[in-house]
Amino acid sequence: MTYYRRIGDIPPKRHTQFRTADGALYAEELMGQDGFSAASALLYHRHAPTALLGADDVDEPPGDGDGAGRDLEPNRPLLPRHLRTGDLDGGGDLVTGRTVLLANADLRLAVVAPTEPSGLYRNATGDELVYLRRGALRLESSFGVLDCREGDYVVVPTGTTHRWVPTSPAGDPIDVLVVEAQGHVGPPARYLSARGQFLEHSPYCERDLHAPTEPLLADDDPADAGPAEVLVRHRGGLTRYRYAHHPFDVVGWDGCLYPYRFSIHDFEPITGRVHQPPPVHQTFAGPNFVVCSFVPRKLDYHPLAVPVPYNHSNTDSDEVLYYCAGNFTSRRGSGIAEGSISLHPAGFTHGPQPGSVEAGLGEERTEELAVMVDTFRPLQLAAGARACEDPDYAWSWAAGANSGATTSR
Ligand SMILES: [Fe+2]
């Protein structure tokens, strides 16, 4: 993120004495990416953020994969997969209640339907991109509060201490997709000027990005006065730290590194007379993956246009599509529904369901809403994928021509 923000109380000059009303020094923290050669923020704590009291190793849930490819099954035989995420058990919190579905050395993809607040957490391996398909959540962090609603992408930078609080009315569903990256997530470079301003051709811009607007001083609350436990995801697994002071004690911060949200509904689709290629939908870039948004839009308007997508071979990517809302006309008959996730791997040609090309001729709009994650290294299957896979999906394009389709797994 390259957009400068300044929140709360900070001294006029960095690295100079900044004191509380009773004369004590605030504890300055520089949080910086890429060896302090990229985006950074300066935060001013009431207490030392370093006062560690204890640390405990925490076991990783079995079958989730660990970002290094261990504990995962390769996609063999190589097949398209349909994961019915609605079949998974919900509950728990947004951090520890995740069901990991797909993973490789660059990222882990998980879903979660949280019903309770999470504990304090930070990911030390990379940024987390959280997409809120249904419901409402509040992100509380050392940077302040973000109230998030249906359709929000939330970028939580590496090392941000935070917690997630469900804010939907009791009983209303909350459904979330989490991308745990092994690096930083942000707007595609081609959308930005050399100095980081969004260019005119970008489908969104700075006005669409929302960050905390005031400090969150949770340590004022006796319940949060400390000590405080923070669960940390790192390359070796999980560690639970115990700190003398609650991390939400920042009276002010400034810089270009902070959590922010962007609504998929603010993504302005690029349309044309004939079908536009997937890169026009790109929303974020991460290390060895991209994220695209398919939003309600006017369909192709050449008089002879074929609005339903062509068959395609994405030769260097595995394609993951999260179906968020709409009727997905090009996939009618495949079993795909809201909440479904499809995986179309590199090496597999795929396209619309039989009959949907003809049925779509003359259509002028689509109301479909979907999030796509394309990975440039093959994805493997975590235990959660095997728990909700539709075994018939791979044969759904054959439209009854294949009565004896089988797979060895
Ligand atoms: Fe595709």
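It should be noted that the structure appears before, not after, this text.
Since this is a predicted model, take the numbers as computed values, not measurements.

(A) Summary view of the state of the cysteines. For the coordinates displayed, the defined rule picks out zero disulfides. Between Cys 148, a free cysteine, and Cys 324, which holds the nearest cysteine sulfur, the sulfur-to-sulfur gap is 15 Å. The buried category is assigned to Cys 324, whose relative accessible area is 4%.

(B) Examining unusual backbone geometry more closely. Note the cis peptide between Arg 76 and Pro 77, where omega equals -10 degrees. Mapped onto the secondary structure, Pro 77 falls in the loop between β4 (52-58) and β5 (81-84). Its identity as a non-glycine residue notwithstanding, His 15 has a phi of 60 degrees, on the positive side. Mapped onto the elements, His 15 comes out in the loop between β1 (5-8) and β2 (27-32). Positive phi outside glycine occurs at Phe 36, with the angle close to 60 degrees. Assignment of secondary structure puts Phe 36 in the loop between β2 and β3 (40-45). Residue classification places Phe 36 among the exposed residues on the basis of a relative accessible area of 57%.

(C) Structural detail: the coordination of the iron ion. At the metal site, the iron ion is ligated by His 312 (NE2), Glu 319 (OE) and His 350 (NE2), and these contacts range over 2.0 to 2.1 Å. Within one chain, the residues donating to the iron ion are spaced in sequence as H-x6-E-x30-H. Of the two residues, His 312 sits in the loop between β22 (297-298) and β23 (318-325) while His 350 sits in the loop between β24 (340-344) and α1 (356-360), which places them 38 residues apart along the sequence. Judged by relative accessible area, His 312 falls into the partly exposed class, the value being 24%. Since its relative accessible area comes to 5%, His 350 is described here as buried.

(D) Fine view of the pairing of strand β7 (residues 107-112). Across the six residues that make up β7, a large majority, six, are buried. Burial along β7 is two-sided: Leu 107, Leu 109 and Val 111 and Arg 108, Ala 110 and Val 112, pointing in opposite directions, are all buried. Where strand β6 (residues 99-103) and β7 come together, four bridges link them in antiparallel fashion. When the bridges of β7 are listed, Thr 99 appears paired with Val 111.

(E) Main features of the sheet that holds strand β18 (residues 250-255). If you trace the four strands from one edge of the open sheet to the other, you get β1-β18-β3-β2, paired in antiparallel fashion. Strands at the two margins of the open sheet, each flanked by one partner only, are β1 and β2. Taking each pair of neighbouring strands and ignoring which way they run, the sheet shows an average axis angle of 15 degrees. Where β2 meets β3, six bridges bridge the pair, whose relative direction is antiparallel. Paired with Ala 27 across the bridge in β3 is His 45.

(F) Expanded view of a negative patch on the surface. On the surface, Asp 56, Asp 57, Asp 59 and Glu 229 cluster together into a patch of negative charge. Mapped onto the fold, Asp 57 is located in strand β4. We classify Asp 57 as exposed; its relative accessible area is 67%.

Rules and cut-offs
Residues numbered from 1 in each chain as written. Predicted model: local features only at pLDDT ≥ 70, side-chain atom pairs only at ≥ 80, totals over all residues. Heavy atoms only, no water. Disulfide = S-S within 2.5 Å. Buried < 20%, exposed > 50% of the residue type's maximum accessible area, 1.4 Å probe, protein only. Helix = DSSP H or I, 4+ residues; strand = E, 2+ residues; numbered from the N terminus. Donors = N, O, S within 2.8 Å, 3.2 Å for Na, K, Ca; no water. Pairing = 2+ DSSP bridges. Axes fitted to C-alpha atoms, helices over the stretch in contact; angles between N-to-C directions. Patch = residues over 30% accessible without salt bridge, like charges linked within 9 Å, V, L, I, M, F, W, Y side chains within 5 Å. Areas by Shrake-Rupley, 256 points an atom, 1.4 Å probe, with all protein chains shown as cover. Salt bridge = Lys/Arg side-chain N within 4 Å of Asp/Glu carboxyl O. Lys, Arg positive; Asp, Glu negative; His and termini not counted. Charge placed at Lys NZ, Arg CZ, Asp CG, Glu CD.

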